[in-house]
Amino acid sequence: MKFGPIPIETAEGAVLAHATTAGERRFRKAHRLSAGDLALLRAAGISEVVAAVLAADDLGEDAAAQTIAESMAFRGIEARSATTGRVNLHARASGIFTVDAAMIDAINAIDPAITIATLAQHAPVERGQMVATVKIIPFAVSSALVDAATKICAGGEIFAVNAYRPVRVGVIQTVLPGIKPSVLDKTLRVTEARLARTGGRLTAERRTPHEIAPVAEAAASLARDNDMVVIFGASAMSDFADVVPAAIERAGGTVIRAGMPVDPGNLLVLGMLDGKRVIGAPGCARSPKENGFDWVLDRLIAGLDVTAKDIAGMGVGGLLMEIPTRPQPREPLPAKSQLKVGIVLLAAGRSSRMGGPNKLLALFDGKPLVRRTAERALGSKASGTIVVTGHQRERVRTALAGLDVTFADNPDFAEGLSTSLKAGIAYLPEGCAGVMIVLGDMPDITSDDLDRLVDTFRKAGGNAVVRASHDGKRGNPVLLPRSLFPAIAHLEGDTGARHLVEAEGLDVIDVEIGAAASVDVDTREALECAGGVLQD
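Residues numbered from 1 in each chain as written. Predicted model: local features only at pLDDT ≥ 70, side-chain atom pairs only at ≥ 80, totals over all residues. Heavy atoms only, no water.

Visitor: How should the overall build of the protein be read in this particular structure?
Guide: In terms of helices and strands, the protein carries 16 helices and 30 strands. For the protein, the C-alpha radius of gyration of 31 Å lies well beyond 24 Å, the compact-globule estimate for 536 residues. With 536 residues in all, the protein has 48% of them scored as buried. Excluding contacts between residues fewer than 6 apart, the proportion of contacts in the protein whose partners are at least 24 apart in sequence is 70%. In the structure as shown, the protein presents an accessible area of about 24800 Å², 51% of it carried by carbon and sulfur atoms. Of the side chains in the protein, 58 bear a positive and 63 a negative charge, and the two mean positions are spaced by 1 Å. (Helix = DSSP H or I, 4+ residues; strand = E, 2+ residues; numbered from the N terminus. Rg over C-alpha atoms; globule rule 2.2 N^0.38 Å. Buried < 20%, exposed > 50% of the residue type's maximum accessible area, 1.4 Å probe, protein only. Contact = heavy atoms within 4.5 Å. Areas by Shrake-Rupley, 256 points an atom, 1.4 Å probe, with all protein chains shown as cover. Lys, Arg positive; Asp, Glu negative; His and termini not counted. Charge placed at Lys NZ, Arg CZ, Asp CG, Glu CD.)

Visitor: What is the right way to look at the pattern of salt bridges in this model?
Guide: A side chain with one charge can pair with a side chain of the opposite charge if their charged atoms come near. A complete count under the given rule lists 19 salt bridges for this structure. Note that Arg-207 and Asp-185 form a salt bridge whose closest N and O atoms lie 2.9 Å from each other. One end of the pair, Arg-207, is in strand E17 (residues 201-209); the other, Asp-185, is in helix H5 (residues 181-198), and 22 residues separate them in sequence. Judged by relative accessible area, Arg-207 falls into the partly exposed class, the value being 37%. A residue is classified by how much of its surface remains accessible, and Asp-185, at 34% relative accessible area, is partly exposed. For Lys-381, the salt bridge is made with Asp-455, and the minimal N-O distance between the two is 3.0 Å. Taken together, the positions of Lys-381 in the loop between helix H10 (369-378) and strand E25 (384-389) and Asp-455 in helix H13 (residues 447-459) put the pair 74 residues apart, joining distant regions of the chain. (Salt bridge = Lys/Arg side-chain N within 4 Å of Asp/Glu carboxyl O.)

Visitor: Teacher, can you tell me more about the packing of helix H3 (residues 101-108) against helix H4 (residues 143-153) here?
Guide: To characterise two packed helices, one gives the angle between the axes of the helices and the distance between these axes. At a minimum axis separation of 9 Å, H3 and H4 run at an interaxial angle of 170°. Taken together, the axis directions place H3 and H4 in an arrangement best described as roughly antiparallel. Only Ala-149, Ile-152 and Cys-153 of H4 make contact with H3, whose side of the interface consists of Met-103, Ala-106 and Ile-107. (Axes fitted to C-alpha atoms, helices over the stretch in contact; angles between N-to-C directions. Parallel < 35°, antiparallel > 145°, perpendicular 65-115°, else oblique.)

This is the structure:
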């Protein structure tokens with residue numbers, strides 16, 4: 001292939017390097033010039049163009065990329081049609097990506113004109129996600145180079161997406177004096193969420209003393225009816241003969257590896273019992289944050305073997321204290337700025353400390369407080385506002401007449417705050433990455449305050465709890481990520497989300513918004529001091 005300035009007289013069949021305009025006609029980059037095109041260029045006074053002239057044995061960029069992609073052997077992956085010298089390959093199902101790095105390196109070493117980029121070895125992928133791309137750099141490449149690439153591809157499977165399987169998992173949690181049941185309950189919820197992500201299912205749980213014999217008995221029982229057993233020890237493994245590895249062996253199994261070079265996750269135990277894998281989970285697996293347990297669990301659910309050698313090789317890249325987001329090349333994940341946040345505005349309370357009047361109907365600058373708050377919610381970057389009603393629901397609805405809000409009636413409002421949280425979240429659309437809980441009796445909260453919380457949540461990738469604060473003290477509103485929704489469903493009585501924030505192990509980001517974060521109007525005096533006028 002020759003590339004550079006070419007006289008119009010010899011440019012038929014050449015490929016334009018740059019977009020070119022001839023009168024009213026505009027030729028795009030990579031357009032192959034015909035005799036008619038040349039006539040238009042001449043008429044426009046153009047005497048030469050920058051273009052590529054293909055040799056007899058050259059393949060155009062699309063043909064070359066398509067030929068290489070079609071010569072590849074892969075599983076669980078779909079190759080798209082070539083365009084602009086590129087073939088993108090996408091996962092047919094969610095799973096774990098595996099790649100023959102030596103084959104990729106060999107193809108990329110042939111010539112800089114031919115490139116293949118992939119995700120990292122053992123990267124978790126979602127269905128439809130791009131996992132690899134074949135790109136031809138110039139407009140054409142010698143067929144001999146393409147032949148060299150296809151010859152390498154004939155050597156075997158180059159990459160694959162190993163789809164997750166619907167495995168059944170039994171869980172054992174050991175107990176010592178002082179272990180709170182709430183900790184065990186939380187561990188179960190986090191584990192269920194982990195398995196749901198990959199299509200697995202938690203089928204049974206056993207709680208035993210932190211002793212070898214009862215753990216061994218429970219492990220043997222669960223292994224008979226499940227595909228995998230996970231053991232959460234009440235005390236971290238302190239020796240390779242400690243309770244969890246010893247119990248696996250007592251049950252007749254073998255310990256494949258105790259300890260792993262991944263942090264967090266060092267204290268993982270991997271064993272085999274009756275042909276089933278047994279994982280002694282490290283303490284960090286009680287948290288939803290990614291850790292070494294995820295690496296082993298996800299690979300096993302995807303049907304991949306995990307050996308002692310595999311675990312020993314996880315040290316490079318195994319420091320997970322700060323985990324970067326890995327965007328998909330050329331086809332990025334949805335921008336953080338697009339993460340949807342819904343607002344649940346709580347307006348069901350009885351205003352019991354007011355001695356009768358409903359504080360949400362008090363007038364501020366001639367407007368009911370609940371309407372003032374709802375309008376500010378609607379004026380924010382949130383994707384929608386759900387108003388939870390209960391006490392005097394008809395009067396509250398009347399005060400909100402004409403506003404584009406969704407009403408969620410809570411007939412159980414007298415049983416406490418938890419019922420209103422659950423009622424509101426039940427109305428959130430599936431696409432919401434988080435929910436902001438806004439109290440109806442905070443007169444100084446503005447749309448800008450709410451926007452600051454939304455922006456912070458999006459910058460954190462939708463994975464953190466974001467709280468309004470004032471002078472270093474936590475306040476309201478609070479923005480909760482979707483991962484907490486299942487836990488909220490288990491709340492009871494007059495309990496809010498505060499203890500979940502502390503118990504679930506998520507990152508918490510406090511956003512200073514000033515006094516508005518701590519000004520509510522629970523009493524008649526506080527309401528009047530804030531400028532409100534109570535209505536009968």
